Amino acid sequence: MGLFSFLTQEIAIDLGTANTIIIHNDKIVVNEPSIVAIDQHTSKLIAIGQKALQMHGKTHENIKTIKPLRDGVIADFDAAEQMIRGLIKMINKKPKMFNPALKMVVCIPSGATEVERRAVRDSSEHAGGRDVYMIYEPMAAAIGIGIDIEAPDGSLVVDIGGGTTEIAVIALGGIVCNQSIRIAGDGFTADIQAYMRHQHNIKIGERTAENVKINVGSSLPDLDDPPEDFTVRGPNLMTAMPIEIPISYQEIAHCLDKSISKIETSILAVLEQTPPELYADVVNRGIYMAGGGALLRGLCKRFTEKINIPFHLAEDPLQTIARGTGIALKNVDKFSFLMR
Ligand SMILES: Nc1ncnc2c1ncn2[C@@H]1O[C@H](COP(=O)(O)OP(=O)(O)OP(=O)(O)O)[C@@H](O)[C@H]1O
Ligand SMILES: [Mg+2]
């Protein structure tokens, strides 16, 4: 061990549709939106993460912003590679530090195909990874929550990210049954954009819609601790003149109802597939939720009432999966469920 492990640099990456988090030495060293800005003519990287996000929706013909992941998987291979490489560079200004053997654990959706998995491995290797392991996101979520995933007890984990919602029952170090659906936080944002257009004749961008969601997003029309109305400004679709509309959380609850119902249906589908002994464990322990999308107001309460099993929200839902991936990194020799 000794000298070798000293020379080996190790990082864990939660390569998400919305955000990418890198963990090094148990600490979050990078936490950036998964987006890059590229020069259209030279294909050179102009900006990455937060800086690129600020350009999103505001570019001219020379600059293009790209979100390399869609629905939890790599959609643009080159952009993904540039993003991973750039984010790793952010860790240490002296890139020599990350030289000889970079060991990585990267998480992937449980529904990823062989081809999608290879895309993650290849782009990680191209970005400097020598020893690349992969872990399924719901496994990482469970580890991040603090569940003993190797125990002979069943746990149900729901990770509502940006691009995908992952629902899985985990026991004895493996996934017993699962569903991965392409409805999650970014879908809620798209619902709000469409709603504002249809209902209020106002055109808003993705970032404004996300602001609406964070300020007055709700999954229930009657919250115990309701937020104040949020004022949206934008062009009237008919006249192009500016208008202002106060939006209430009740409206957003109505607008998101359909997407949330689809997540409920998927959770019930996983419960239906769950073997009875594990089902009993799940009912006893409750269901765990993580991922940024799980921060939507009232979600735990709504699911608990609908499904009749208590739901618990992870401590820091946006970081749970990355933390779990970081713990997996320290246990690569022990966790046989990691994939190469
Ligand atoms: N306070 C909040 N209320 C509601 N939604 C939120 C809040 N904060 C963040 N989100 C949403 O969480 C989502 C991002 O979550 P997360 O970082 O877990 O996704 P990801 O891991 O990048 O995506 P995926 O796992 O699907 O690849 C975004 O859709 C974002 O709008
Ligand atoms: Mg995620």
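As the structure is a computational prediction, the values presented were derived from the model and not from experiment. (Residues numbered from 1 in each chain as written. Chains lettered and ligands numbered in written order. Predicted model: local features only at pLDDT ≥ 70, side-chain atom pairs only at ≥ 80, totals over all residues.)

A short note on the overall build of the protein chain
Secondary structure summary: the protein chain contains 11 helices and 17 strands in total. The C-alpha radius of gyration computed for the protein chain amounts to 21 Å, which stays within 12% of the reference 20 Å derived for 340 residues, consistent with globular compactness. Taken along the three principal axes of its C-alpha coordinates, the protein chain extends 65 × 60 × 30 Å. The buried share among the 340 residues of the protein chain stands at 45%. Pairs at least 24 apart in sequence give 66% of the contacts found in the protein chain among residues at least 6 apart. (Helix = DSSP H or I, 4+ residues; strand = E, 2+ residues; numbered from the N terminus. Rg over C-alpha atoms; globule rule 2.2 N^0.38 Å. Buried ≥ 20, exposed ≤ 12 C-beta atoms within 10 Å, placed from the backbone. Contact = placed C-beta atoms within 7 Å.)

Here's the deal with the packing of helix 6 (residues 185-200) against helix 7 (residues 206-216)
As a packed pair, helix 6 and helix 7 sit with axes 8 Å apart at the nearest point and diverge in direction by 105°. Comparing their axes, helix 7 and helix 6 come out roughly perpendicular. Of the residues in helix 7, those touching helix 6 at Phe188, Thr189, Ile192 and Gln193 are Glu206, Ala209, Glu210, Val212 and Lys213. Class assignment for the residues of the contact of helix 6 with helix 7 results in four nonpolar, two polar and three charged. (Axes fitted to C-alpha atoms, helices over the stretch in contact; angles between N-to-C directions. Parallel < 35°, antiparallel > 145°, perpendicular 65-115°, else oblique. Nonpolar A, V, L, I, M, F, W, Y, C, P; charged D, E, K, R; others polar.)

Examining the confidence of the model for the protein chain
Overall, the predicted model of the protein chain reaches an average pLDDT of 93, with 95% of residues at or above 70. Here residues 1-5 is modelled with pLDDT under 50, and outside its nearest four sequence neighbours on either side it reaches zero contacts, counting other chains as well. (pLDDT = per-residue confidence, 0-100.)

Considerations on unusual backbone geometry
Most of the time, phi is negative for any residue but glycine, and the peptide bond is trans. Of note in the backbone geometry, Asn201 takes a positive phi value of approximately 55° without being a glycine. Residue position: Asn201 is located in the loop between helix 6 and helix 7. By the C-beta count within 10 Å, which is 15 here, Asn201 ends up partly exposed. If you check the backbone angles, Asn308 has positive phi at about 70° while not being a glycine. The residue Asn308 is located in the loop between helix 10 (299-307) and strand 17 (311-313) in this model.

Topic: the packing of helix 5 (residues 137-145) against helix 11 (residues 320-330)
Two numbers describe how helix 5 lies on helix 11: the axes approach to 7 Å, and their chain directions differ by 90°. In terms of orientation, helix 5 and helix 11 fall into the roughly perpendicular class. Contact residues: Glu137, Ala140, Ala141, Ala142, Ile143, Gly144 and Ile145 in helix 5; Thr320, Ile321, Arg323, Gly324, Thr325, Ile327 and Ala328 in helix 11. The residue makeup of the contact of helix 5 with helix 11, split by class, is eight nonpolar, four polar and two charged.

Digging into the site of ligand 1
Taken together, 23 residues lie near ligand 1, and Gly16, Ala18, Gly161, Gly185 and Gly292 sit nearest. Secondary structure elements with two or more residues in the shell around ligand 1: helix 6 and helix 7. Residue composition of the shell around ligand 1, by class: six nonpolar, 14 polar and three charged. Counting the residues that make up the shell around ligand 1, at least three belong to each of domain 1 (147-183 + 259-314) and domain 2 (185-255). (Near = placed C-beta within 6 Å. Domains from an automatic or database assignment.)

Section: the pairing of strand 16 (residues 287-290)
By the alternation rule, side chains of strand 16 split into Ile287 and Met289 and Tyr288 and Ala290, which are all buried. Across four bridges, strand 11 (residues 155-160) lies against strand 16 in parallel orientation. Note that in strand 16 the partner of Val158 across the bridge is Met289. As paired elements, strand 16 and strand 17 share three bridges and run parallel to each other. Paired with Ile287 across the two strands is Phe311, which belongs to strand 17. Following the backbone out of strand 16, through helix 10 and into the adjacent parallel strand 17, one traces a crossover that is right-handed. (Pairing = 2+ DSSP bridges. Right-handed = clockwise from strand over helix to strand, strands pointing away.)

Examining helix 3 (residues 77-91)
Taking 1.5 Å per residue as the helical rise, helix 3 with its 15 residues ought to reach 21 Å, and the 22 Å between its terminal C-alpha atoms agrees with that figure. Within helix 3, burial applies to Ala79, Ala80, Gln82, Met83, Ile84, Leu87 and Ile88. (Expected span 1.5 Å × (residues − 1).)

Thoughts on the environment of Ile267
Counting through the fold element by element, Ile267 comes out in helix 8 (residues 249-273). With 22 C-beta atoms counted inside 10 Å, the residue Ile267 sits in the buried group. Separated by 109 residues in sequence, Ile267 and Val158 place their C-alpha atoms 8.0 Å apart. Setting aside anything within four residues of it in sequence, one finds Ile267 in contact with Val158, Ile167 and Ile307.

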